[in-house]
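# Residue-level structure breakdown
Spelled out from the first residue to the last, the chains are:
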Amino acid sequence: MRIAVIADIHSNIVSLNEVLFDIGYKNVDSIVCLGDLVGYAPYPNEAIDNIRGNRILTIKGNYDEAVGEELMVCGCDYPDPKDLENAGISLNWTIDITRADNKRFLRNLPMEVTISFKGKTIKFVHGSPRKINEYLRENSKEAEEVMNDFEADILVCGHTHKPYYKMYGSKMLVNAGSAGKPKTGSPKANYVVIDLYDNTPKVEICEVDYAYERVAKVIEKIGLPQEFADIIRTGKA
């Protein structure tokens, strides 16, 4: 089984379209989305409609939860007060513009999904198995703690917007990066393909060019914080 995993689209339909087009050439058996379909960029309904229309198996992200439930905070856990303020602006704007049927779709997304293939068990979450908005950054203490307690073979997460994979003994941790708001220092969208056909799973990190300037200009035009456009252009947060 070859699985393409996308995450953290954040209302960027332009990048999502290009990522799905790229996946079409990867000979995958299925696509899994790790959530955060909405927030920050200007196309929440278009992003959700695309995921729904393609019947992509999707996990609930913290932003999906906040928009679907119309919460006061997005659960983004930003230490910088300015970042937290901007996230609140994004959340309120997104709640206002997202259709009722799409909010219902976000509310009904599962918190995690587990599948098995050829004796391997793979768990998909947004942040971590412990918390929807926990960051499992590469080589972090949090990642080590989670993997020490993890009982399946492969854990696949998002939320950090930086793709990577690492072995913890016989267990693998995979981060799918971001298909809409990367934080890798490059504006290219990214995702991963996990190949489970061999005894040893293989992970390919994929980058995709897209018309990021078009998205950045729309962010500026509708009056969302300038920082959102800057991240789209640079991949730096």
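All values reported here derive from a predicted model rather than from experimental measurement. Per chain, the residues get numbers from 1 upward, laid out in the order the sequence is written. Predicted model: local features are reported for residues with pLDDT of at least 70 only, side-chain atom pairs are reported and counted for 80 or more only, and whole-chain, interface and lining totals are derived from all residues. Remark: hydrogens and water are excluded; side-chain values derive from all non-hydrogen atoms of the structure.

Here we take up the sheet that holds strand β9 (residues 189-195). A strand pair is defined by DSSP finding two or more bridges across the two strands. Numbering goes from the N terminus for both helices and strands, where a helix is a DSSP run of H or I of at least four residues and a strand is a run of E of at least two. Read from one edge of the open sheet, five strands run β3-β2-β1-β9-β10, paired in mixed fashion. Of all the strands in the sheet, just β3 (57-58) and β10 (202-208) have a single pairing partner and so form its edges. Here strand β2 (residues 30-33) runs beside β3; their pairing, made up of two bridges, is parallel. Considered in β3, the bridge of C33 is made with T58.

Another point: the packing of aromatic side chains. Note on ring pairs: Phe, Tyr and Trp rings are taken, using the six-membered ring of Trp, and paired if centres are within 6.5 Å. Classes follow the plane angle, with under 30 degrees stacked, over 60 edge-to-face and the rest tilted. As enumerated under the stated definition, the model contains five aromatic pairs in all. Ring geometry for F21 and Y25: centres 5.4 Å apart, planes at 70°, overall edge-to-face. Y25 shares its class with F21; the two are exposed. Here the aromatic residues Y40, Y63 and F228 are joined through ring pairs into a cluster of three or more. Between the NZ or CZ atom of R137 and the centre of the ring of Y135, over which it lies, the distance is 4.3 Å. The ring of Y40 carries K181 above its face, with NZ or CZ at 4.1 Å from the centroid. Exposed residues in this analysis have more than 50% of their type's maximum accessible area, buried residues have under 20%, and partly exposed residues fall in between, with area computed by a 1.4 Å probe over protein chains only. In this scheme, the term charge over a ring applies when either NZ of a lysine or CZ of an arginine sits within 6 Å of the ring centre and within 35 degrees of the ring normal.

Attention now goes to the nonpolar core. The biggest cluster of nonpolar side chains holds 44 residues, and the ones touching the most others in it are I6, I9 and Y191. Broken down by element, this core gets its largest block of residues, six residues, from helix α1 (residues 13-23). Two residues form a contact once any of their heavy atoms are found within 4.5 Å. With residues near it in sequence (within four places) discarded, I6 still touches L16, V19, L20, I23, I31, V32, C33, L34, I51, A176, A179 and Y191. To define a nonpolar core, start from buried Ala, Val, Leu, Ile, Met, Phe, Trp, Tyr and Cys residues and group those joined through side-chain atoms within 4.5 Å. Counting residues in each nonpolar core, the second largest holds 19 residues, with I3, I154, V156 and L196 among its members.

By disulfide we mean two sulfur atoms from cysteines, separated by a distance within 2.5 Å. According to the stated counting rule, one finds one disulfide in the structure shown. Between the sulfur atoms of C74 and its disulfide mate C76 the distance is 2.0 Å. Here the two residues C74 and C76 agree in accessibility, since each one is buried. Free cysteine C33: the closest other cysteine sulfur is in C157, separated by 13 Å.

Moving on: a negative patch on the surface. The grouping of D80, D83, E85, E227 and D230 at the surface amounts to a negative patch. Within the residue set of the negative patch, elements represented by two or more residues are α4 (81-97) and α8 (226-234). Grouping into patches uses exposed residues only, defined as over 30% relative accessible area, and leaves out salt-bridged ones; the cut-off is 9 Å for like charges and 5 Å for nonpolar side chains (Val, Leu, Ile, Met, Phe, Trp, Tyr). In this description, accessible areas are obtained by the Shrake-Rupley approach with a 1.4 Å probe, and a residue is regarded as covered only by the protein chains that are shown. The rule for a salt bridge is simple: a side-chain nitrogen of Lys or Arg has to be within 4 Å of a carboxyl oxygen of Asp or Glu. Only four residue types enter the charge count, namely Lys and Arg as positive and Asp and Glu as negative; His and the chain termini do not. Where a charge lies is defined by one atom per residue type: Lys uses NZ, Arg uses CZ, Asp uses CG and Glu uses CD.

Okay, the packing of helix α7 (residues 212-222) against α8 next. Angles shown run from 0 to 180 degrees and are taken between the N-to-C directions of axes, each axis being a line fitted to C-alpha atoms and, for helices, limited to the stretch in contact. Between α7 and α8, the shortest axis-to-axis distance is 8 Å and the interhelical angle comes to 175°. Classified by the angle their axes make, α7 and α8 are roughly antiparallel. Mapping the contact onto sequence places Y212, E213, V215, A216, K217, I219 and E220 in α7 and Q226, F228, A229, I232 and R233 in α8. Each angle is binned into one of four classes, with values under 35 degrees roughly parallel, values over 145 roughly antiparallel, values of 65 to 115 roughly perpendicular, and all other values oblique.

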